[in-house]
Amino acid sequence: MRKPRRAKPRKPKALPAPPRVEAASRGEGERKSLGQQLLDTIEDIIELMEHTQDLDRLKELNAKRVALSSEARRLIDASLDTSTAAYREAVVGLEVASASLREAIRGLESVKNAILMAAKAAALVAKVGAAA
Amino acid sequence: MHLVQRISPRQDEVRHSPWSACGGARAVLVVLAMLLEACGLTVQQQAAVGQFATATRELATTAQEEFRQSRQDVIEMNRLRLELGDPTADVSHLDGLLTLERSRERIVALRALEGYADLLGKLVGTVSEAELLEAGNTFVGSLKQVKGATLSDQEAEGIGRAVAAVGGLYVEHKRADAVRQVVESSHASVVAVTDTVKRDFDPNSDFWNAGYRQTALALKGHAVAIGPVVPGNDLASQQGVQRAKTLATENVARSEAVSAQVIVLTGALADAQENLRLMLTASDLNVQQIEYLSSRVREFQTIYGLLRSQAPR
């Protein structure tokens, strides 16, 4: 569903500012909002679910997906204070979880560990959601 | 003396001519008309305002259509989740995060933008006094309902007065005054509306676009979760699972394509609005941004028609 992620771009050498048209593409390079980062992580969980043969692991992954999806419902269209430490920690937690999930999809990390990271991220997001 | 003698008879003729008073008045009127025309909009300015109005109206109506269609998509995806037995799908909230209230806010804002374009179009076109006044009232009324719009009562009155002053007379300087007044007084509100639309379609923000994506992922996630446990001989369920995955993928891909276009267009509209403001006050005529907006909107109409399977308007 998601476009393949690009490698982290190098800092450009004093290039002229891109025209407004270019800025419309999906925001690689920009830090995403918590809700969109959360949706990215959910997308990564779904992708890992598609690769998982073990039904127990599939159930665990699905439980995390459902929990994160429920948090997403609370965060989207809510007025959040993006400057709080909790918000930043949640975004970073989700980025780490997504990285772990993608490693698991490539078979470079265990699914169990990816689930653990997703659970940690979910706890951080829940803190922000509770304050929303 | 000689000169006086030669001139005198002519002066006498003028003094006693029955046309003298009328001729003087005519001359004054001609000079006045020339002065008034000079304060009016040039042909190029009128064309640019008309072009801006058409593009803005088309963009506003298409964006309204997309808000309605995307809400319908969410309802359809949530229905499918229920059919597939998703326990987290809520039959009483089929529209998910794209609620009626959230949709209404957006449609109201875009209607105000449409009203703005309509009024500008009428101010540079030829319509009756009644139509013009109605367009002015509709625009001011709809703008006052927009959440976050900053039109003060004084500005609203100013627009009303300027439009009423044009009346059916179409005196060029009155028309120009009204266009300037409408553009200037509405500027902050127009920018606020375009910012809201842009934010809603921004793939990095947590608004409309995120609500849509959340439902699509919930549908796909459930389909992926139940896929392996659907019995091999239950072809109907297998088909349902496959349909859910396809629908979610298709909808997200279309939403991304439409969002990318809308973001470009709202940026172009904001630039063109600024350009229009400058163009109406400065003698320097630069309609580049307006022409860019106009061509992009036409392109978008075609793309949107294809994505939503509609004939381009």
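Residues numbered from 1 in each chain as written. Chains lettered and ligands numbered in written order. Predicted model: local features only at pLDDT ≥ 70, side-chain atom pairs only at ≥ 80, totals over all residues. Heavy atoms only, no water.

### Some remarks on the overall build of chain B
Then step 1. Along chain B, the regular secondary structure elements total 10 helices and 0 strands.
Then step 2. Secondary structure elements of chain B occur, N-terminal to C-terminal, as α-α-α-α-α-α-α-α-α-α.
Then step 3. Burial statistics for chain B: of 313 residues in total, 48% are counted as buried.
Then step 4. Counted over contacts in chain B with a minimum sequence separation of 6, partners at least 24 positions apart contribute 77%.
Then step 5. Surface exposure of chain B reaches about 15,200 Å², of which carbon and sulfur atoms provide 56%. (Helix = DSSP H or I, 4+ residues; strand = E, 2+ residues; numbered from the N terminus. Buried < 20%, exposed > 50% of the residue type's maximum accessible area, 1.4 Å probe, protein only. Contact = heavy atoms within 4.5 Å. Areas by Shrake-Rupley, 256 points an atom, 1.4 Å probe, with all protein chains shown as cover.)

### So, the interface of chain A and chain B
Then step 1. Contacts between the two partners involve 32 residues from chain A, matched on the other side by 37 residues from chain B.
Then step 2. For B:Arg102, the salt bridge identified is with A:Asp77, shortest N-O distance 2.7 Å.
Then step 3. There are 12 residue pairs in polar contact (both at pLDDT 80 or more) connecting chain A and chain B.
Then step 4. At the level of secondary structure, the elements contributing two or more residues to the side of chain A that touches chain B comprise α1 (34-51) and α2 (55-75) of chain A.
Then step 5. Here the side of chain A that touches chain B takes 10 residues from α1(A), the largest share from any one element.
Then step 6. Looking at the side of chain A that touches chain B residue by residue, the classes come out as 14 nonpolar, 6 polar and 12 charged. (Salt bridge = Lys/Arg side-chain N within 4 Å of Asp/Glu carboxyl O. Polar contact = N/O pair within 3.5 Å; in protein donor to acceptor, adjacent residues only side chain to side chain. Nonpolar A, V, L, I, M, F, W, Y, C, P; charged D, E, K, R; others polar.)

### Remarks on the nonpolar core
All names here are of chain B.
Then step 1. Phe-52, Tyr-116, Leu-119, Leu-120, Val-179, Val-182 and Leu-276 are the most contacted members of the largest nonpolar core, which totals 76 residues.
Then step 2. Among the secondary structure elements, those contributing two or more residues to this core are α3 (43-83), α4 (100-123), α5 (129-145), α6 (153-166), α7 (172-201), α8 (208-226), α9 (235-281) and α10 (288-307).
Then step 3. With 15 residues, α9 is the single largest residue contributor to this core.
Then step 4. Apart from the residues within four sequence positions on either side, Leu-276 is in contact with Val-49, Phe-52, Tyr-116, Leu-120, Val-183 and Ile-290. (Core = buried A, V, L, I, M, F, W, Y, C linked by side-chain atoms within 4.5 Å.)

### A word on the environment of A:Arg102
Residues and elements named next belong to chain A.
Then step 1. Its place among the elements puts Arg-102 in helix α3 (residues 85-105).
Then step 2. Judged by its relative accessible area of 27%, Arg-102 is partly exposed.
Then step 3. Between the C-alpha atom of Arg-102 and that of Ser-83, which follows or precedes it by 19 residues, the distance is 28 Å.

### Re the side chain of A:Asn62
Then step 1. Position of A:Asn62 relative to the elements: it lies in helix α2.
Then step 2. For A:Asn62, a relative accessible area of 18% gives the class buried.
Then step 3. Leave out the neighbours within four places in its chain, and A:Asn62 touches A:Met49, B:Gly221 and B:Ala225.

### Some points on α5(B)
Residues and elements named next belong to chain B.
Then step 1. With 17 residues, α5 should reach 24 Å at 1.5 Å per residue; the first-to-last C-alpha distance of 25 Å fits that figure.
Then step 2. Along α5, the residues classified as buried are Leu-132, Ala-135, Gly-136, Phe-139, Val-140, Ser-142 and Leu-143.
Then step 3. Buried positions along α5 lie against α4, α6 and α7. (Expected span 1.5 Å × (residues − 1).)

### A few points about the confidence of the model for chain A
Then step 1. Here chain A shows a mean pLDDT of 82. Residues at 70 or above account for 77%.
Then step 2. When the criterion is pLDDT under 50, residues 6-27 of chain A qualifies, and its contacts beyond four places in sequence or with other chains add up to 16 contacts. (pLDDT = per-residue confidence, 0-100.)

### A word on the layout of surface pockets
Residues and elements named next belong to chain B.
Then step 1. When its volume is computed, the second largest pocket comes out at roughly 290 Å³.
Then step 2. In this structure, the second largest pocket is lined by 13 residues; those nearest its centre are Glu-105, Arg-106, Lys-147, Thr-196 and Arg-199.
Then step 3. Going through the elements one at a time, α4 and α7 are the ones with two or more residues in the lining of the second largest pocket.
Then step 4. Class assignment for the residues of the lining of the second largest pocket results in 5 nonpolar, 2 polar and 6 charged. (1 Å grid on protein atoms, 1.4 Å probe; cavity = no way out; pocket = protein on both sides within 12 Å on 5 of 7 lines; lining within 4 Å. Points joined across faces, edges and corners; volume = space filled by probe spheres on them.)

### Observations concerning empty space enclosed by the protein
Gaps between atoms show up when a probe of the same size as a water molecule is rolled over them.
All names here are of chain B.
Then step 1. Applying the stated criterion across every chain yields a total of 4 cavities of 30 Å³ or more.
Then step 2. Taken as a whole, the largest cavity spans an internal volume of roughly 50 Å³.
Then step 3. Elements with a minimum of two residues in the lining of the largest cavity: α3, α8 and α9.
Then step 4. Split by residue class, the lining of the largest cavity holds 3 nonpolar, 4 polar and 1 charged.

### Details of the packing of α2(A) against helix α4 (residues 111-131) of chain A
All names here are of chain A.
Then step 1. The interhelical angle for the contact between α2 and α4, taken along N-to-C directions, is 20°, at an axis separation of 10 Å. Classified by the interaxial angle, the pair formed by α2 and α4 is roughly parallel. Where α2 crosses over α4, the handedness of that crossing is left-handed. Listed contacts from α4 to Arg-57, Glu-60, Leu-61, Lys-64, Leu-68, Glu-71, Arg-74 and Leu-75 of α2 are Val-111, Lys-112, Ile-115, Ala-118, Ala-119, Ala-122, Val-125, Ala-126, Val-128, Gly-129 and Ala-130.
Then step 2. Looking at side-chain class alone, the contact of α2 with α4 contains 12 nonpolar, 1 polar and 6 charged residues. (Axes fitted to C-alpha atoms, helices over the stretch in contact; angles between N-to-C directions. Parallel < 35°, antiparallel > 145°, perpendicular 65-115°, else oblique. Left-handed = near helix turned anticlockwise from the far one by under 90°.)

### A look at α6(B)
Residue and element names in this part refer to chain B.
Then step 1. Across its 14 residues, α6 extends 20 Å between first and last C-alpha, which sits within 8% of the 20 Å expected from 1.5 Å per residue.
Then step 2. Burial in α6 covers these residues: Ala-156, Gly-158, Ile-159, Ala-162, Val-163 and Val-166. Within α6, the buried residues cover an arc of 160° as seen down the axis, which keeps them to one side. Residues of α6 that are exposed and point more than 90 degrees away from the buried face comprise Asp-153, Gln-154 and Arg-161.
Then step 3. Elements in contact with the buried residues of α6: α4, α5 and α7. (Arc of directions from axis to C-beta.)

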